[in-house]
Amino acid sequence: MNIHEYGFYRVAAIVPSCAVGDCASNAERIIGGLRKSAEMGADIAVFPALALTSSSCGTFFEQRSLLNAAEDRLAYIVRQTSMEPIIGVVGFPFFFSGNIYSAVAVFSRGTIYGIVPLDGTAHSRVFSVYGGKESSVIFTGLQNTAVPFGSDLLFEVEKSRFSFVIGSEKNVWNQNEVVSDNASPAAGNTLTVTGAALYIEPLAQASFAGSFTELCRSAAALSKQERNTVLFVNAGWGESTTDTACAGERGIYENGELLAAANGFELSACNKTGNSNFSGYEDEAAITLADMDCEAPSSCCRSPSVCRRIVISAIPSRGVLLVRPRNPNPFIPPAVQNNEQAWESFFSQVTELQARGLAKRMYHTGCVKTVLGISGGLDSTLALFISILAARILRQNPDSVTAITMPGFGTTDRTKSNALKLAELLGCTVLTIPIEKAMMQHFADIEHPADICNNVYENAQARERTQILMDKANQLGALLVGTGDLSESALGWETYNGDHMSMYNVNAGIPKTLLRHCIRYVAAHPAVFLPDTNVHTEFRAVVQDILDTPISPELLPAQKQVITQKTEEILGPYELHDFFLYYLLHTDFSPTKILLLAEHCFSTEQRYNRQQILGCMRIFYRRLFSQQFKRSCAPDGVQVGFGSFSPRGIWQMPSDMTASVWLAELEKLSEV
């Protein structure tokens, strides 16, 4: 698989062990790291600042012998790796125009494409801060052409969207520092060279307790702010420990999310026999790599004319599998999934936003009561919880919430019982209004045979329930709370002017898979709803049974109290639909790329194969395009951050748009 065709490029942060001041030995280790990462399919290999000499040479950085040796060994590295299909980014001390800079060279297949000075604060007594204008240098011993030099270089790989800039410690980790008066506008301001897919930060700084956490936090924040990928790599094993130590921390973050990271401290220089004699030992570098997505949208805060664009010859893809974190539920951030405290905080905010939205609408309309239909399903269960929370915000009693169960032809004792038990435990006003008799009269009125279970049969029940809820809300001076979720809206799995309609929809911004987690969060905190601790166990049992019940509209007749109409057997698994939905709302990815990501997340665990995923995608896109007319007149509902189909928001789609382009692409994928 050519991952470049999908917009993915493999980046590697490499920390070789070093010997202080030994350019020859360090060059061999850098070459080894480059070749190893190339074997692993990397497209770009990034080394720490001053990797060629080590960062611990102190005042000896001013010695021409060391500076000349560094340049000579850099040329050697470029020549020795000229056959490797990879871009190298190597730090070294560079003497230019009477000043010494901590710089990095960007090279590939025998050519140095640019040299970038780093304006970091480390070793400030030796290294200058670059304040010059556009420059170039003839790099002796390698090529006679001028090599661009400066902090304004934007590197691009030809015929791709892979571009990168190289920053400095001062710019990224000390963004509030003021640039010196004698510096040019570009100096110390590399952060403004944005619009690149990748921001590279080679470091050579002392490590302290907590520094790795701080580096990761800063990289995550910057990548989220710039909506791109940030890679940092610090000097590591072999650096002098006279006063401080370097741990070799490294991390790769994409749009605020972790792709890969390592805390460092690898003792890679100790050989397998445990012998600590360094002489003649050829050790392996510590490598952290990940596949970054160059097609994710990035910001562009600086005009392209300000940057010097350097085009690097295209890199061939080696046909490898994706190296990225697998997140089958992308609506939940990975950091939340693996941290109980973060999970609690996340879903507390979700439910709070829902409740605040409803409370504001109640306050504005003067309604102190709410009405909603309860079915014993997921959507109405969360809507019921949110209604109780909104009542509490407005200092109303739980009985201000009227929960109505409306059993019909497909209602089972299990769902009805769970709905009633839950509403009663919460202290709601509970009503049961059967609809079978009204439906039989309605079928007779419109001359529809009651034994023909078609769309008329199903949709008429949904509209009858909505009529009851609307009229009851009017009767009580209450607000009708909708229960439909974001996933149902995407698929149009709702009856027009039936469950599609309400006076305020609290679940409008919640996808189905996330909805389950919201309910689990509430179940874990029964004291918020039930001061009587004696019923907490019963409360949790009812909620758990609701979570275990198959998703169903219950519009077709049940057989022996068993649900016969199971939504996921008709549409496909909601976890797949929500996966597609996330990338629909948050990216401009094609079905081809979404399929690749879905296979990466699901096929490796043997949950769904390629054909199952494709079949579900066809349903998703076909229904997405055909059901827009329902979304065009959706009721109000708060967006909690996951996306929205509100016709008043950023989602703009004609109701009569065809899906032919997307379905044709899926057909081609089926033939592969």
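Cut-offs and rules
- Residues numbered from 1 in each chain as written.
- Predicted model: local features only at pLDDT ≥ 70, side-chain atom pairs only at ≥ 80, totals over all residues.
- Heavy atoms only, no water.
- Helix = DSSP H or I, 4+ residues; strand = E, 2+ residues; numbered from the N terminus.
- Buried < 20%, exposed > 50% of the residue type's maximum accessible area, 1.4 Å probe, protein only.
- Areas by Shrake-Rupley, 256 points an atom, 1.4 Å probe, with all protein chains shown as cover.
- Pairing = 2+ DSSP bridges.
- Axes fitted to C-alpha atoms, helices over the stretch in contact; angles between N-to-C directions.
- Expected span 1.5 Å × (residues − 1).
- Arc of directions from axis to C-beta.
- Disulfide = S-S within 2.5 Å.
- Core = buried A, V, L, I, M, F, W, Y, C linked by side-chain atoms within 4.5 Å.
- Contact = heavy atoms within 4.5 Å.
- Phe/Tyr/Trp six-rings, centres within 6.5 Å; stacked < 30°, edge-to-face > 60°.
- Lys NZ or Arg CZ within 6 Å of the ring centre and 35° of its normal.
- Salt bridge = Lys/Arg side-chain N within 4 Å of Asp/Glu carboxyl O.

## Structural notes on the overall build of the protein chain
Now for step 1: For the protein chain, the helix and strand inventory stands at 19 helices and 20 strands.
Now for step 2: Burial status across the protein chain gives 54% buried among its 672 residues.
Now for step 3: Counting every atom, the protein chain has about 28700 Å² of accessible surface; 50% of that belongs to carbon and sulfur.

## Re the sheet that holds strand 10 (residues 198–202)
Now for step 1: Strand order in this open sheet of seven strands is 13-12-11-10-9-8-15, and the pairing throughout is mixed. For this open sheet the edge positions go to strand 13 (257–262) and strand 15 (308–312), each flanked by a neighbour on one side alone. This sheet shows a mean twist of 20° between the axes of neighbouring strands, independent of strand direction.
Now for step 2: Pairing between strand 9 (residues 163–166) and strand 10: three bridges, direction parallel. Bridge pairing in strand 10 links Ile-166 to Ile-200.

## Description of the pairing of strand 5 (residues 111–118)
Now for step 1: The element strand 5 is extensively covered by neighbouring structure, given that seven of its eight residues are classed as buried.
Now for step 2: Judged from the seven bridges that link them, strand 4 (residues 99–108) and strand 5 form a sheet pairing that is antiparallel. Directly across from Ser-102, in strand 5, lies its bridge partner Leu-118.
Now for step 3: Once strand 4 ends, the chain turns through two residues before running back antiparallel as strand 5, passing Arg-109 with a positive phi of about 50°.

## Describing the sheet that holds strand 19 (residues 479–482)
Now for step 1: Read across the open sheet, the five strands follow the order 18-17-16-19-20; overall the sheet is parallel. Since the sheet does not close on itself, it has two edges, and those belong to strand 18 (429–432) and strand 20 (504–505), each with one partner.
Now for step 2: Note that strand 17 (residues 401–405) and strand 18 share four bridges and pair parallel. What sits directly across from Thr-405, in strand 18, is Thr-432.

## Description of helix 13 (residues 536–548)
Now for step 1: The first and last C-alpha atoms of helix 13 sit 18 Å apart over 13 residues, in line with the 18 Å expected at 1.5 Å per residue.
Now for step 2: Every buried residue of helix 13 is listed here: His-536, Phe-539, Val-542, Val-543, Ile-546 and Leu-547. End-on view of helix 13: buried residues confined to an arc of 140°, all on one side of the axis.

## Comments concerning the state of the cysteines
Now for step 1: Tallying each qualifying case throughout the model produces zero disulfides.
Now for step 2: Left without a disulfide partner, Cys-18 is nearest to the cysteine sulfur of Cys-246, which lies 8.2 Å away.
Now for step 3: Sulfur of Cys-23: no disulfide; nearest cysteine sulfur belongs to Cys-57 and is 7.2 Å away.
Now for step 4: Given the relative accessible area of 4%, Cys-23 is considered buried.

## Structural notes on helix 4 (residues 211–226)
Now for step 1: The end-to-end C-alpha distance of helix 4 is 22 Å, a good match for the 22 Å that 16 residues give at a rise of 1.5 Å each.
Now for step 2: Of the residues trailing helix 4, Arg-227 is marked for its positive phi of about 55°.

## Details of the nonpolar core
Now for step 1: By size, the foremost hydrophobic cluster in this structure holds 94 residues, and its most contacted members are Leu-384, Leu-426 and Phe-580.
Now for step 2: Among the elements that line this core, the one with the most residues is helix 7 (residues 378–393), at ten residues.
Now for step 3: Here Phe-580 is in contact with Ile-594, Ala-598, Ile-613, Cys-616, Met-617 and Phe-620, once residues within four sequence places are set aside.
Now for step 4: One finds Ile-14, Leu-50, Phe-107 and Val-137 within the second-largest nonpolar core, a separate group that totals 44 residues.

## A word on the side chain of Ser-108
Now for step 1: Relative to the elements of secondary structure, Ser-108 occurs in strand 4.
Now for step 2: If we skip the residues at most four places from it in the chain, Ser-108 touches Ile-86, Ile-87, Tyr-113 and Ile-312.

## Some words on the packing of aromatic side chains
Now for step 1: Counted according to the given criterion, the structure contains 32 aromatic pairs.
Now for step 2: Arranged with centres 5.9 Å apart and planes meeting at 65°, the rings of Phe-346 and Phe-642 form a pair that is edge-to-face. Taken together, the positions of Phe-346 in helix 6 (residues 340–365) and Phe-642 in the loop between helix 18 (628–631) and helix 19 (660–671) put the pair 296 residues apart, joining distant regions of the chain. Each of the two residues, Phe-346 as well as Phe-642, counts as buried.
Now for step 3: Summarising the aromatic geometry, the rings of Phe-409 and Tyr-457 are spaced 5.3 Å apart at their centres and angled 25° between planes, so their arrangement reads as stacked. Linking Phe-409 in the loop between strand 17 and helix 8 (413–426) with Tyr-457 in helix 10 (residues 455–476), this pair joins segments that are 48 residues apart in sequence.
Now for step 4: What links up through ring pairs into an aromatic cluster is the set Phe-331, Trp-343, Phe-346, Phe-347, Tyr-521, Phe-579, Tyr-582, Tyr-583, Phe-589, Phe-602, Tyr-608 and Phe-642.
Now for step 5: Cation over ring: Arg-73 sits above Tyr-76, and NZ or CZ is 4.3 Å from the ring centre.
Now for step 6: The lysine or arginine in question, Lys-512, covers the ring of Tyr-574, its NZ or CZ lying 5.0 Å from the ring centre.

## So, the environment of Ala-462
Now for step 1: Within the secondary structure, Ala-462 is located in helix 10.
Now for step 2: You can call Ala-462 buried: its relative accessible area is 9%.
Now for step 3: Sequence-wise, Ala-462 and Pro-553 are 91 residues apart; in three dimensions their C-alpha atoms are separated by 9.0 Å.
Now for step 4: Beyond its immediate chain neighbours, meaning those up to four positions away, Ala-462 contacts Thr-495, Gly-498, Asp-499 and Leu-555.

## Digging into the pattern of salt bridges
Now for step 1: Inspection of the entire model under this criterion finds 19 salt bridges.
Now for step 2: In this structure, the salt-bridge partner of Glu-599 is Arg-610, at a minimum N-O distance of 3.1 Å. Of this pair, Glu-599 sits in helix 16 (residues 591–602) while Arg-610 sits in helix 17 (residues 610–626), placing them eleven residues apart in sequence.
Now for step 3: In this structure, Arg-648 engages Asp-636 in a salt bridge whose closest nitrogen and oxygen atoms are separated by 3.2 Å. Within this pair, whereas Arg-648 is found in the loop between helix 18 and helix 19, its partner Asp-636 is found in the loop between helix 18 and helix 19, the two being separated by twelve residues in sequence.

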